[in-house]
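Okay, here's what each chain looks like letter by letter:
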Amino acid sequence: MKKLLAVISAIFVFSHSAFALERSDLSVTAGISANSAVYGASGKETNRAEDNTVKTIKNESGVFTDSHMSGFLELNVGEFVSLGFEHTPDSITTPENQRTTNRNNTAGTSSTTRVSADFNDLNIAYLKLNIPGGVYLKAGYVETDVDVKETMASGSTYNNVSTEGTLVGVGFSKALGERGIAIRLEGSYMDLDDVTSSNGVSATGGSSANGGRNQIDISNMEGLNGKIALTYTFGQ
């Protein structure tokens, strides 16, 4: 969050900097968009037994699709540069993963762990370069919270984490008349930093009560997003 606030502050400072732009050179664009995306990641799950020894290591990679709505505001500085902020109020939810393990006890019972994740509060601060003819290029900084949802027989829970990354995109904007309304089509690529989450049990703190340490390492998180947006520009 601190990095995102720093980016927003930089946008604010830039908009009031020594370029000495006339008020007529500034305008604000607001938009709402529908997004459809495909996401992919690699995961490594390390499970320790009640005696703290490594019991299983499972590696998986996968992709999933999701659709969500988002809203954005842009400060247009002259004709060719825009500084923006986009927020996604919807959760982006992964499919549920299930794992059944046999527990080390005299009863020989088994337990099933179900894990999925919600990507919440996806925020993007970005720079947009407008090219004559309606085409634009976009680059930005991404931040999101990863809320891990789980069902474990032991009653343990995975801790939630945050991650950040970058986004690049290209789009096309077409004005609908002369009243400041426009429609956009955009494609973008997002890359997020690796994250680690665990059930809160230390590597040496396994017991029959907690079932041992479970840890998930997620890497290569990336996504391709297609967007259609309706915008309105004030002060045009």
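Shown above is the structure to which this text applies.
Residue numbering note: each chain is counted from 1, following its sequence as written. With pLDDT at 70 or above as the cut-off, local features in this predicted model cover only qualifying residues; side-chain atom pairs require 80 or more to be listed or tallied, and sums for whole chains, interfaces and linings still use all residues. The side-chain numbers reported here are obtained from all heavy atoms of the structure, hydrogens and water having been left aside.

Draft legend 1. Structural detail: the nonpolar core. Nonpolar cores are built from buried Ala, Val, Leu, Ile, Met, Phe, Trp, Tyr and Cys residues. Side-chain atoms within 4.5 Å join them into one set. For the exposure calls, accessible area comes from a 1.4 Å probe over protein chains only, and a residue counts as buried if that area is under 20% of its type's maximum, exposed if over 50%, partly exposed in between. Ranked by internal contacts, the top residues of the largest apolar core, which has 19 residues, are Tyr39, Ile92, Phe119, Val142, Met190 and Leu192. Residue assignment for this core shows that the elements contributing at least two residues are strand E1 (26–48), strand E2 (54–77), strand E6 (110–130), strand E7 (135–151), strand E8 (161–175), strand E9 (181–192) and strand E11 (214–234). The greatest single-element share of this core, amounting to five residues, is contributed by E6. Helix and strand definitions here come from DSSP, where helices need a minimum of 4 consecutive H or I residues and strands a minimum of 2 consecutive E residues; each element is numbered from the N-terminal end.

Draft legend 2. Seen up close, unusual backbone geometry. Positioned with a positive phi, Asp121 is a non-glycine residue whose angle comes to about 50°. Considering the arrangement of structural elements, one finds Asp121 in strand E6. Judged by its relative accessible area of 38%, Asp121 is partly exposed. The phi torsion at Asn220 lies on the positive side, around 55°, for a residue other than glycine. Structurally, Asn220 can be placed in strand E11.

Draft legend 3. The side chain of Asn120, seen in detail. Positionally, Asn120 belongs in strand E6. What qualifies as a polar contact is a pair of N or O atoms within 3.5 Å, subject to a donor-acceptor requirement within protein and to the restriction that residues adjacent in sequence count only when both atoms come from side chains. At a separation of 2.4 Å, a polar atom in the side chain of Asn120 contacts the side chain of Ser91.

Draft legend 4. Spotlight on the packing of aromatic side chains. We call Phe, Tyr and Trp rings a pair once their centres come within 6.5 Å, taking the six-membered ring for Trp, and we label the pair stacked below 30 degrees between planes, edge-to-face above 60, and tilted otherwise. In total, this model carries two aromatic pairs according to the counting rule given. Ring centres 4.8 Å apart and planes at 85° place the aromatic pair Tyr232 and Phe234 in the edge-to-face group. Note on Tyr232: relative accessible area 37%, which makes it partly exposed. Assessed through its relative accessible area of 45%, Phe234 is described here as partly exposed. Stacked on the ring of Tyr136, the Lys or Arg Lys128 has its end atom at 4.9 Å from the ring centre. Here the guanidinium or amino end of Arg184 rests over the ring plane of Tyr136, the centre of that ring lying 5.4 Å away. Definition used: whenever NZ (Lys) or CZ (Arg) falls within 6 Å of the ring centre and also within 35 degrees of the ring normal, the charge is taken to sit over that ring.

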